[in-house]
Amino acid sequence: MSHVENELSSQPECWTRAAEVAVQHKEALPAPGERVAVVGCGTSFFMAQAVAALRESAGLGETDAFAASEFPEDRSYDRVVALTRSGTTTEVLDLLARVRGRARTTAITADPATPVMRAADDIVVLDFADEESVVQTRFATTALTLLRAHLGLHTEQVVADARTALADPLPQGLVESAQFTFIGRGWTNGLAQEAALKMREASLSWTEAYPAMEYRHGPIAISTTTTATWMFGEAPEGLAAQVAATGALWIEGRLDPLAELVRAQRLAVAVAAARGLDPDRPRHLTRSVILDGA
């Protein structure tokens, strides 16, 4: 079994633990009413998008999400939250250094022995969710679970759904698809983007992601009998039928959207296996991006 498979299978236990420790980190995480930016790179950026949408929709304060390299220097925030599994990513460390003193900074990381421990004002270490794999699974979803619990939006049903996502077989014919599109609404847009990234990283798949209502505005043109479209969350009225009419395989999101992401992670591993690829050795990727001269 690959590192990715082992790690994605442990997510229910990691989520339970993250929800339990969230209260211990209350002071390090955004308070109601704070103006907040959540930043990250790659997978962490997509988790940032999800938590920003969740926090704003819950009425807890204006919240933006940025790739760390695209943070707007002229915009002011009460707090900047950085998601970084490795604690060594150059863009994140550079950003934390630039904003320190202008905004309270919090880093959520998996490794307590990395430079980010000195770069942020507040630290949350989720070392129980650290990973050996290059391809992120459990750290990203555990960090999001921590933040969902902090926002009062986590329930035990999410964990139960994750166990279902691990136990139930994938939909028939899905692994054999030639192209995969993931779509979401609100906070699940970030999850759809992350599902697509997992497919690219682990299985080198042709994969795209869009807001659900935008899918009709052009992307649906690629749909055919060899494609699959997977909805995270509740689908807009009529979209399932419209996709089915193209001949594409429609996958309805029936679990909590974070648990649906677990199913998509499993799909990435299954497609990699079907294509003779090793998901622990993704092409051209490393566990952390550390730029020369940084």
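Here goes a summary of the coordinates provided. This is a predicted model, so every value here is computed, not measured. (Residues numbered from 1 in each chain as written. Predicted model: local features only at pLDDT ≥ 70, side-chain atom pairs only at ≥ 80, totals over all residues. Heavy atoms only, no water.)

Of all hydrophobic cores here, the largest spans 59 residues; its most connected members are Ile108, Leu144, Leu146, Phe182, Leu191 and Leu267. Tallying contributions element by element places helix 10 (residues 257–274) first for this core, with eight residues. Apart from residues no more than four positions distant in its own chain, Leu267 is found in contact with Leu170, Leu174, Val175, Phe180, Phe182, Met199 and Trp230. (Core = buried A, V, L, I, M, F, W, Y, C linked by side-chain atoms within 4.5 Å. Buried < 20%, exposed > 50% of the residue type's maximum accessible area, 1.4 Å probe, protein only. Helix = DSSP H or I, 4+ residues; strand = E, 2+ residues; numbered from the N terminus. Contact = heavy atoms within 4.5 Å.)

Let us look at unusual backbone geometry. Of note, the phi angle at Leu204 is positive, near 55°, even though the residue is not glycine. Judged by its relative accessible area of 37%, Leu204 falls in the partly exposed class.

The sheet built from four strands is open, its strands ordered 7-6-8-9 with parallel pairing. The open sheet has two free edges, formed respectively by strand 7 (206–211) and strand 9 (249–251), since each of these has just one partner strand. In this sheet, neighbouring strand axes are inclined to one another by 20° on average, regardless of whether the strands run parallel or antiparallel. In this sheet, strand 8 (residues 227–231) lies alongside strand 6 (residues 179–184) in parallel orientation, the contact comprising five bridges. Residue pairing across strands places Ile183 opposite Met231, the latter belonging to strand 8. Together, strand 6 and strand 7 form the strand contacts of helix 8 (residues 188–203), whose direction differs from that of strand 7 by roughly 175°. (Pairing = 2+ DSSP bridges. Axes fitted to C-alpha atoms, helices over the stretch in contact; angles between N-to-C directions.)

Attention now moves to the layout of surface pockets. One number sums up the size of the second largest pocket: a volume of about 190 Å³. Around the second largest pocket, the lining is made up of 14 residues, and of these Lys26, Pro30, Ala31, Pro32 and His150 lie nearest the centre. Of the residues belonging to the lining of the second largest pocket, the class tally is eight nonpolar, one polar and five charged. (1 Å grid on protein atoms, 1.4 Å probe; cavity = no way out; pocket = protein on both sides within 12 Å on 5 of 7 lines; lining within 4 Å. Points joined across faces, edges and corners; volume = space filled by probe spheres on them. Nonpolar A, V, L, I, M, F, W, Y, C, P; charged D, E, K, R; others polar.)

A few words now on helix 4 (residues 90–99). Where helix 4 is concerned, the buried positions are Thr90, Val92, Leu93, Leu95, Leu96 and Val99. Its buried side turned inward, helix 4 meets strand 1 (36–40), strand 3 (79–84), strand 4 (104–109) and helix 5 (116–119). Gly101, located one to two residues past helix 4, shows a positive phi value of around 95°.

Turning our attention to the pairing of strand 3. Along strand 3, six of the six residues are buried, which leaves the element largely enclosed by surrounding structure. Of the two faces of strand 3, the one carrying Arg79, Val81 and Leu83 and the one carrying Val80, Ala82 and Thr84 are both buried. As judged from the four bridges shared by strand 1 and strand 3, these two strands associate in the parallel manner. The residue of strand 3 that forms the bridge with Val36 is Arg79. Pairing between strand 3 and strand 4: six bridges, direction parallel. Following the sheet pairing, Leu83 is matched in strand 4 by Ile108. The handedness of the strand 3 to strand 4 crossover, carried by helix 4, is right-handed. (Right-handed = clockwise from strand over helix to strand, strands pointing away.)

Sheet architecture is open: five strands sit in the order 2-1-3-4-5, paired in parallel fashion. Looking at which strands have only one partner, the edges of the open sheet turn out to be strand 2 (63–67) and strand 5 (122–125). The sheet shows a mean angle of 20° between the axes of neighbouring strands, taken without regard to direction. Along the sheet, helix 3 (residues 43–57) contacts strand 1, strand 2 and strand 3; its crossing angle with strand 2, the most-contacted strand, is approximately 170°. Relative to the sheet, helix 6 (residues 138–150) contacts strand 3, strand 4 and strand 5, its axis offset from that of strand 4 by approximately 135°.

We now examine the pattern of salt bridges. Using the criterion set out here, one finds 16 salt bridges in the structure. In this structure, the salt-bridge partner of Glu62 is Arg35, at a minimum N-O distance of 3.2 Å. Of the two residues, Glu62 sits in the loop between helix 3 and strand 2 while Arg35 sits in the loop between helix 2 (11–21) and strand 1, which places them 27 residues apart along the sequence. By relative accessible area, Arg35 is classed as partly exposed at 24%. In this structure, Arg85 engages Glu131 in a salt bridge whose closest nitrogen and oxygen atoms are separated by 2.5 Å. One end of the pair, Arg85, is in the loop between strand 3 and helix 4; the other, Glu131, is in the loop between strand 5 and helix 6, with 46 residues separating them in the sequence. (Salt bridge = Lys/Arg side-chain N within 4 Å of Asp/Glu carboxyl O.)

The values reported here are purely geometric and, on their own, carry no functional implication.
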